[in-house]
Amino acid sequence: LLKSEIPLPTNEEQSEKRREAYAQEVDIITAHIQRLKDEEQTEEIITEIEELKAERYAKVVEIKERFPYFYL
């Protein structure tokens, strides 16, 4: 079996894998951000929220790269 003979995953399969990854990896970060928003908004909390937002964005990009859609 050659690598070229292995079928690409369907976009539906990739979408499901992305959904699972978002739930396991991104939603945790989002929940942490939401909890911090309930705290008094000190400079430290605001900075932590901004860092978590950047981390969340990077995680979304990484998931999209890990599970790309294929347009044939």
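Our subject is the structure listed above.
Caption draft 1: Looking closely at helix α1 (residues 11-37). Roughly 40 degrees is the biggest bend found in α1, and it falls at Val26. Within the span of α1, buried status applies to Gln14, Arg18, Ala21, Val26, Ile29, Ile33 and Leu36.

Caption draft 2: Structural view of the packing of α1 against helix α2 (residues 43-66). Put simply, α1 and α2 touch, their axes get as near as 9 Å, and they point 175 degrees apart. The angle between α1 and α2 places the two elements in the roughly antiparallel class. The residue makeup of the contact of α1 with α2, split by class, is 11 nonpolar, 2 polar and 11 charged.

Caption draft 3: Region of interest: the side chain of Gln14. Along the chain, Gln14 turns up in helix α1. A residue is classified by how much of its surface remains accessible, and Gln14, at 3% relative accessible area, is buried.

Caption draft 4: Just the environment of Ala31, in detail. Following the sequence through the fold, Ala31 ends up in helix α1. Judged by relative accessible area, Ala31 falls into the partly exposed class, the value being 31%. In sequence terms Ala31 and Tyr71 are 40 residues apart; their C-alpha atoms lie 33 Å from each other.

Parameters at a glance
Residues numbered from 1 in each chain as written. Predicted model: local features only at pLDDT ≥ 70, side-chain atom pairs only at ≥ 80, totals over all residues. Heavy atoms only, no water. Bend = angle between axes of the 7 residues up to and from the residue. Helix = DSSP H or I, 4+ residues; strand = E, 2+ residues; numbered from the N terminus. Buried < 20%, exposed > 50% of the residue type's maximum accessible area, 1.4 Å probe, protein only. Axes fitted to C-alpha atoms, helices over the stretch in contact; angles between N-to-C directions. Parallel < 35°, antiparallel > 145°, perpendicular 65-115°, else oblique. Nonpolar A, V, L, I, M, F, W, Y, C, P; charged D, E, K, R; others polar.

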